[in-house]
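# Residue-level structure breakdown
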Amino acid sequence: MSGDDCAERRWPITIVAVHWTAGLLAFAVAGFAIYLLSPPDWSQRYIDRYMALIGWHKFGGLLVLGLALFWAGVRRHTPRPSAVGGRAARIVHGTLLVLLIALPVSGYMMDAFVNARLELPLGISIPSPLTPNETASIALSYTHKWGGFAFIGIAAAHAAAAIGHAMRPGDRVLRAMTPNPFQGKRSR
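Quick look at the structure, then. (Residues numbered from 1 in each chain as written. Predicted model: local features only at pLDDT ≥ 70, side-chain atom pairs only at ≥ 80, totals over all residues. Heavy atoms only, no water.)

With that out of the way, let us pick up the overall build of the chain. If you tally the helices and strands in the chain, you get six helices and two strands. When burial is assessed residue by residue, the chain has 31% of its 188 residues classed as buried. Put simply, 73% of the contacts in the chain that link residues at least 6 apart link residues at least 24 apart. Roughly 11,400 Å² of accessible area belongs to the chain as shown, and the carbon and sulfur atoms make up 66% of that amount. (Helix = DSSP H or I, 4+ residues; strand = E, 2+ residues; numbered from the N terminus. Buried < 20%, exposed > 50% of the residue type's maximum accessible area, 1.4 Å probe, protein only. Contact = heavy atoms within 4.5 Å. Areas by Shrake-Rupley, 256 points an atom, 1.4 Å probe, with all protein chains shown as cover.)

So, in structure tokens, the structure goes:
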């Protein structure tokens with residue numbers, strides 16, 4: 001198979017990099033939130049840990065948002081590889097992309113309704129454009145939490161489906177989204 005044939009069956013390296021980076025970072029951000037919200041008790045020690053580290057969860061969420069917005073903008077103008085298809089795949093990817101955007105936005109709004117500024121690590125501070133509203137913040141906290149669990153479940157099912165594709169002889173769906181440093185070069 002020529003390099004051109006192989007390239008037709010793969011996403012461009014930019015899409016591949018954004019896909020894997022956003023996915024892994026989103027899992028790390030979700031896992032970090034679960035870690036912070038699952039102490040053995042809510043003693044002052046664990047409250048201090050939460051307060052010291054929650055900014056990293058928020059910072060990671062904003063990075064995920066940036067990657068998701070970039071991905072949404074770029075992938076619409078990128079031809080799909082011939083190996084990729086299926087209505088279910090489009091629904092799952094669309095749902096994951098919506099969650100990758102909605103979760104950071106809901107997290108920011110949840111914080112912005114109760115704090116004058118979003119305080120992030122590295123001295124970054126973003127002012128809140130919203131009027132204080134504790135009820136709205138609490139409602140968004142449920143949306144954010146359960147949306148996060150939905151993301152983890154759908155992303156795990158997505159990963160399982162990708163592994164299923166990889167196990168089928170001749171199926172190139174996973175290969176289309178894996179990094180290939182030799183993409184575009186002649187292969188055997």
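Spanning 34 residues, helix H5 (residues 134–167) covers 49 Å between terminal C-alpha atoms, matching the ideal 50 Å at 1.5 Å per step. Those residues of H5 that sit buried are Ala 136, Ser 137, Leu 140, His 144, Gly 147, Gly 148, Phe 151, Ala 155 and Ala 162. Buried residues belonging to H5 abut helix H2 (13–36), helix H3 (44–75), helix H4 (87–112) and helix H6 (173–176). In this structure Asn 133 caps H5, since a side-chain oxygen of it lies 3.2 Å from the backbone nitrogen of Thr 135. (Expected span 1.5 Å × (residues − 1). Polar contact = N/O pair within 3.5 Å; in protein donor to acceptor, adjacent residues only side chain to side chain.)

Here we come to the packing of H2 against H5. Closest axis-to-axis distance for the H2/H5 pair is 11 Å, and the angle between their directions is 135 degrees. Relative to H5, the element H2 lies oblique. The crossing of H2 and H5 is left-handed. Residues His 19, Ala 26, Phe 27, Ala 30 and Ile 34 of H2 pack against Phe 149, Phe 151, Ile 152, Ala 155, Ala 156 and His 158 of H5. Classifying every residue of the contact of H2 with H5 gives nine nonpolar, two polar and no charged. (Axes fitted to C-alpha atoms, helices over the stretch in contact; angles between N-to-C directions. Parallel < 35°, antiparallel > 145°, perpendicular 65-115°, else oblique. Left-handed = near helix turned anticlockwise from the far one by under 90°. Nonpolar A, V, L, I, M, F, W, Y, C, P; charged D, E, K, R; others polar.)

This brings us to the packing of aromatic side chains. A full pass over the atoms with the stated rule returns five aromatic pairs. Here Trp 146 and Phe 149 contribute two aromatic rings whose centre-to-centre distance is 5.3 Å and whose plane-to-plane angle is 55 degrees, an arrangement assigned as tilted. Linking Trp 146 with Phe 149, this pair stays in helix H5, spanning three residues, or about one helical turn. The class for Trp 146 is exposed, based on a relative accessible area of 52%. The ring of Tyr 35 carries the charged tip of Arg 49 above its face, separated from the ring centre by 4.2 Å. (Phe/Tyr/Trp six-rings, centres within 6.5 Å; stacked < 30°, edge-to-face > 60°. Lys NZ or Arg CZ within 6 Å of the ring centre and 35° of its normal.)

It is worth spelling out the pattern of salt bridges at this point. Where charged atoms from two side chains of opposite charge approach closely, those side chains can pair. Applying the stated criterion to the full structure yields one salt bridge. Asp 111 serves as the salt-bridge partner of Lys 58, at 2.7 Å between the closest nitrogen and oxygen. Pair noted here: Lys 58 is in helix H3 and Asp 111 is in helix H4, with a separation of 53 residues, a long-range link. Judged by relative accessible area, Lys 58 falls into the partly exposed class, the value being 24%. Under the relative-accessibility criterion, Asp 111 is labelled buried at 8%. (Salt bridge = Lys/Arg side-chain N within 4 Å of Asp/Glu carboxyl O.)

So, about a nonpolar patch on the surface. On the surface, a cluster of nonpolar side chains totalling about 540 Å² of accessible area is made up of Ile 34, Ile 138, Tyr 142, Trp 146 and Phe 149. The greatest single-element share of the nonpolar patch, amounting to four residues, is contributed by H5. Mapped onto the fold, Ile 34 is located in helix H2. (Patch = residues over 30% accessible without salt bridge, like charges linked within 9 Å, V, L, I, M, F, W, Y side chains within 5 Å.)

The phi dihedral of Leu 122 falls on the positive side, at around 65 degrees, and the residue is not glycine. Position of Leu 122 among the secondary structure elements: in the loop between strand E1 (117–119) and strand E2 (125–127).

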